[in-house]
Amino acid sequence: MKGSMKTKRAISNTITYIALVIISIIWLFPFVCMFLQSFRSMDEGGGGMVDYLLPKQFSLDSYAFLFSEESKFVRWYGNTLIIAFFVAVLSTMMVLCVSYALSRMRFKGRTVLMRFWLILGMFPGFLTMICLYFLLKQFGLTQEGAIPGLILIGVASSGMTYYVTKGYFDTIPKALDEAARIDGASRARVFFTMILPMSKPIIIYALLTAFMNPWCDYVFASYVAFGYSDSYNVAVAMQRWVWTNDYQGYFTRFCAGGMLIAVPITILFMCLQKYYVEGVTGGAVKG
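Predicted model only: the values in this text are computed from it and were never measured.

Draft legend 1. Spotlight on a nonpolar patch on the surface. Nonpolar side chains collect at one region of the surface, where Ile82, Phe85, Phe86, Val89, Leu90, Met93 and Leu207 lie side by side and expose about 590 Å² of accessible area between them. Broken down by element, the nonpolar patch gets its largest block of residues, six residues, from helix α3 (residues 73-104). One can find valine 89 in helix α3.

Draft legend 2. Region of the structure containing the confidence of the model for the protein. Scored by pLDDT, the protein comes out at a mean of 84, with 92% of its residues at no less than 70. Taking the mean pLDDT of every element in the protein, the minimum, 76, falls on helix α12 (residues 234-283) and the maximum, 91, on α3.

Draft legend 3. Up close: the pattern of salt bridges. For the structure shown, the criterion picks out four salt bridges. The partner of aspartate 230 in a salt bridge is lysine 72, with the nearest N and O atoms 3.0 Å apart. Placement of the pair is aspartate 230 in the loop between α11 (219-224) and α12 and lysine 72 in the loop between α2 (61-66) and α3, with a sequence separation of 158 residues. Overall, the relative accessible area of 21% leaves aspartate 230 in the partly exposed class. Judged by relative accessible area, lysine 72 falls into the partly exposed class, the value being 36%. Arginine 75 is the partner of aspartate 230 in a salt bridge, and the nearest nitrogen-oxygen pair spans 3.7 Å. One end of the pair, aspartate 230, is in the loop between α11 and α12; the other, arginine 75, is in helix α3, and 155 residues separate them in sequence. When its relative accessible area of 45% is taken as the criterion, arginine 75 is described as partly exposed.

Draft legend 4. Layout of the packing of helix α8 (residues 174-182) against helix α9 (residues 187-195). As a packed pair, α8 and α9 sit with axes 10 Å apart at the nearest point and diverge in direction by 130°. Relative to α9, the element α8 lies oblique. Every pair of crossing elements has a handedness; the one defined by α8 and α9 is right-handed. Here α8 contributes Leu176, Asp177, Ala180 and Arg181 to the contact with α9, which in turn contributes Arg187, Val190, Met194 and Ile195. Of the residues belonging to the contact of α8 with α9, the class tally is five nonpolar, no polar and three charged.

Draft legend 5. Quick look at helix α4 (residues 110-121). The end-to-end C-alpha distance of α4 is 17 Å, a good match for the 16 Å that 12 residues give at a rise of 1.5 Å each. Those residues of α4 hidden inside the fold are in contact with α3 and α7 (163-170).

Draft legend 6. Spatial organisation of the packing of aromatic side chains. Evaluated as defined, the whole model comprises 15 aromatic pairs. Between phenylalanine 65 and tyrosine 250, the ring centres sit 5.7 Å apart and the planes meet at 80°, which makes this aromatic pair edge-to-face. Residue phenylalanine 65 is located in helix α2, and its partner tyrosine 250 is located in helix α12; the two are separated by 185 residues in the primary sequence. Note on accessibility: phenylalanine 65 and tyrosine 250 belong to one class, buried. Aromatic side chains tryptophan 117 and tyrosine 162 sit 5.9 Å apart centroid to centroid with 50° between the ring planes, which places their arrangement in the tilted category. Here the residue tryptophan 117 occupies a position in helix α4, and tyrosine 162 occupies one in the loop between α6 (146-156) and α7, the gap between them amounting to 45 residues. Given the relative accessible area of 2%, tyrosine 162 is considered buried. An aromatic cluster is defined as three or more aromatic residues linked by ring pairs; in this entry it consists of Phe73, Tyr77, Phe211 and Trp215. It is arginine 253 that lies over the ring of phenylalanine 65; its NZ or CZ is 3.8 Å from the centre.

Draft legend 7. The arrangement of the nonpolar core in detail. Formed by 38 residues in total, the largest nonpolar core has its most connected members in Leu66, Phe73, Trp76, Trp215 and Trp241. Mapped by element, the contributors of at least two residues to this core are α2, α3, α5 (129-138), α6, α10 (200-216), α11 and α12. The element best represented in this core is α12, accounting for 11 residues. Among residues more than four places away in sequence, those in contact with tryptophan 215 are Tyr77, Thr80, Leu81, Ala84, Ile261, Pro264 and Ile265. Judged by nonpolar contacts, the second largest core, of 15 residues, contains Leu96, Ile172, Val190 and Ile195.

Draft legend 8. Structural detail: the side chain of serine 62. Residue position: serine 62 is located in helix α2. For serine 62, the contacting residues outside a window of four places in its chain are Ser38, Arg40, Met42, Thr252, Arg253 and Ala256.

Draft legend 9. Molecular detail of the environment of tyrosine 228. With respect to the helices, strands and loops of the structure, tyrosine 228 is situated in the loop between α11 and α12. A relative accessible area of 30% means that tyrosine 228 is categorised as partly exposed. As a C-alpha pair, tyrosine 228 and tyrosine 100 span 128 residues in sequence and 40 Å in three-dimensional space.

Draft legend 10. Quick look at the environment of threonine 165. Tracing the backbone shows threonine 165 in helix α7. For the pair threonine 165 and glutamate 144, spaced 21 residues apart in sequence, the C-alpha separation works out to 35 Å. Those residues within four positions of threonine 165 in sequence are excluded, and the remaining contacts are Val95, Leu96, Ser99 and Ile202.

Scoring rules and cut-offs
- Residues numbered from 1 in each chain as written.
- Predicted model: local features only at pLDDT ≥ 70, side-chain atom pairs only at ≥ 80, totals over all residues.
- Heavy atoms only, no water.
- Patch = residues over 30% accessible without salt bridge, like charges linked within 9 Å, V, L, I, M, F, W, Y side chains within 5 Å.
- Areas by Shrake-Rupley, 256 points an atom, 1.4 Å probe, with all protein chains shown as cover.
- Salt bridge = Lys/Arg side-chain N within 4 Å of Asp/Glu carboxyl O.
- Helix = DSSP H or I, 4+ residues; strand = E, 2+ residues; numbered from the N terminus.
- pLDDT = per-residue confidence, 0-100.
- Buried < 20%, exposed > 50% of the residue type's maximum accessible area, 1.4 Å probe, protein only.
- Axes fitted to C-alpha atoms, helices over the stretch in contact; angles between N-to-C directions.
- Parallel < 35°, antiparallel > 145°, perpendicular 65-115°, else oblique.
- Left-handed = near helix turned anticlockwise from the far one by under 90°.
- Contact = heavy atoms within 4.5 Å.
- Nonpolar A, V, L, I, M, F, W, Y, C, P; charged D, E, K, R; others polar.
- Expected span 1.5 Å × (residues − 1).
- Phe/Tyr/Trp six-rings, centres within 6.5 Å; stacked < 30°, edge-to-face > 60°.
- Lys NZ or Arg CZ within 6 Å of the ring centre and 35° of its normal.
- Core = buried A, V, L, I, M, F, W, Y, C linked by side-chain atoms within 4.5 Å.

Encoded structure:
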């Protein structure tokens, strides 16, 4: 009996591992293709698309072009870093404050407000794009002012994503707050000196998720910066790039740019994945 159970378990594990390997290969294949093509020499197909995967001649031509005076890639990359950095910092501060208030304080309309935000979150953000564009345009935050405009939009609604962070704060005993309040500490002091030091996983989770949104944004960024290339982020710029110059001349350069775009997110997740997982699992305990 035990032998048959072990055999079944071994077969089940083997099938699972095979399925996971196949899924991993399918998932990684496009990235491997992009990586290899980014090192293909411009002499092969003029930098365009070819019908083979492994380059016949490896070269750093595409990467050199990205940092040349002919390309604005460095500026676009800097724009994206600026937007992502400020959105990550400011929105994390906002969501932490909102989540702490909803977790610890009891006030009239609290439950209704929480439910209302959850319902609003069910609607996709692109429904408001046209309205937000004209609103930003009234304040000069489009085209030349697209960068502060995108930062403002990225931060403005961040408090509505409170649920995971609030769930994490709910796991921290309220007795700690009450003891500090009895000793005369203000709510701000309790929050900054007691709660935040114990909330490192959820802070990192909030920072990572907030950083990723503007880093990967294309649709709204293309509206706000429309027609003004100096305000493009990398997603919009590279899409306009291949539209204007076609894939045949810029495919390898597009692949090289894609690899450089993936570097910050990859490094962040590799270094902080432990805290990211703790933040997600800790915030999912209570709602």
